Amino acid sequence: MLRHIEHIGIAVKDLHKANALYQVLLGCEPYKEELVETEQVVTSFFSTGEGKVELLMATSPESPIARFIEKRGEGLHHIAFDVANIHLEMERLRAAGFQLLQSEPKRGADNKLVCFIHPRSANGVLVELCQELPEDDRL
Ligand code: ZN
């Protein structure tokens, strides 16, 4: 089962400017900024109580975020749902015919194990499953 919305990912061109804007919009400062080298993005996170907001900026033209912005412009990029056991959920969704973008969970930003579901499988929405890493594995 997918539990609550963990965060909403928004693709931005300029993280510095977007941070300043979202700080006013949400009324709080980002609680962290993190470079995710494997995804070629730098992210910032805002805590909004129930779900978080993740801003994503590409660090190279080959980054998935750069390609997304090139095609569709800035905006809503993905919705992430919290799961208790990512392996079980991946298995369940694969069996139900969803197209997963990874065969194994990978390490995402903000101490998570993540896996993405192709938007083709979910009415045009890129869905991220994320499981909180145990304390010992955190950065
Ligand atoms: Zn995310």
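Cut-off values and rules
Residues numbered from 1 in each chain as written. Predicted model: local features only at pLDDT ≥ 70, side-chain atom pairs only at ≥ 80, totals over all residues. Heavy atoms only, no water. Core = buried A, V, L, I, M, F, W, Y, C linked by side-chain atoms within 4.5 Å. Buried < 20%, exposed > 50% of the residue type's maximum accessible area, 1.4 Å probe, protein only. Helix = DSSP H or I, 4+ residues; strand = E, 2+ residues; numbered from the N terminus. Contact = heavy atoms within 4.5 Å. Donors = N, O, S within 2.8 Å, 3.2 Å for Na, K, Ca; no water. Salt bridge = Lys/Arg side-chain N within 4 Å of Asp/Glu carboxyl O. Pairing = 2+ DSSP bridges. Arc of directions from axis to C-beta.

S.K.: Describe in detail the nonpolar core, supporting the description with residues and values.
M.R.: One finds Val83, Ile86, Met90, Leu93, Leu100, Cys115, Ile117, Ala122, Val127 and Leu129 forming the largest nonpolar core, which totals 10 residues. When residues of this core are traced back to their parent elements, those giving at least two are helix H3 (86–95), strand S7 (112–117) and strand S8 (127–132). When residues in this core are grouped by element, the largest group, 3 residues, is from H3. Setting aside anything within four residues of it in sequence, one finds valine 83 in contact with Met1, Leu2, Arg3, Glu89, Leu129, Cys130 and Gln131.

S.K.: Kindly report on the coordination of the zinc ion, identifying the contributing residues and their values.
M.R.: The zinc ion binds to the protein through His7 (NE2), Glu54 (OE), His78 (NE2) and Glu128 (OE); the donor distances cover 2.1 to 2.2 Å. Written as a sequence motif, the donor residues of the zinc ion are H-x46-E-x23-H-x49-E. Pair noted here: histidine 78 is in strand S5 (residues 75–82) and glutamate 128 is in strand S8, with a separation of 50 residues, a long-range link. Taking relative accessible area as the criterion, histidine 78 reaches 2% and is therefore assigned buried. On the basis of relative accessibility, which here comes to 6%, the residue glutamate 128 falls in the buried class.

S.K.: For the pattern of salt bridges, give the residues involved together with the corresponding values.
M.R.: This structure, assessed with the given rule, holds 11 salt bridges. Across the pair glutamate 6 and lysine 52 runs a salt bridge, and its minimum N-O distance is 2.7 Å. With glutamate 6 in strand S1 (residues 5–11) and lysine 52 in strand S4 (residues 52–58), this residue pair connects regions lying 46 residues apart in the sequence. Exposure class is identical for glutamate 6 and lysine 52. Each is buried. The closest approach of N and O atoms between lysine 106 and glutamate 39, which form a salt bridge, is 2.3 Å. Here lysine 106 is found in strand S6 (residues 106–108), whereas its partner glutamate 39 is found in the loop between strand S2 (32–36) and strand S3 (41–47), with 67 residues between them in sequence. Its relative accessible area of 23% is what places lysine 106 among the partly exposed residues. Exposure remark for glutamate 39: the relative accessible area of 22% places this residue in the partly exposed category. Taken together, the shared-partner salt bridges connect Glu6, Lys32, Glu34, Lys52, Asp110, Lys112 and Glu132 into one network.

S.K.: I'd like to hear about the pairing of S2, residue by residue, with values.
M.R.: Looking at chain direction, S2 and S3 are connected through 5 bridges and run antiparallel. Bridging across to S3, glutamate 33 finds its partner in serine 44. Connecting the antiparallel pair S2 and S3 is a turn made up of 4 residues, with glutamine 40 showing a positive phi of about 55°.

S.K.: Outline helix H2 (residues 64–72), listing residues and values.
M.R.: Among all positions in H2, only Ile65, Ala66, Phe68 and Ile69 are buried. Buried residues in H2, looked at end-on, bunch into an arc of 160°, giving them a common side. In this structure, H2 carries Glu70 and Lys71 as exposed residues pointing more than 90 degrees from its buried face. Those residues of H2 that are buried lie in contact with S1, S3, S4 and S5. Phi turns positive, to about 85°, at glycine 73, one or two residues after H2.

Shape descriptors only; they carry no functional weight alone.
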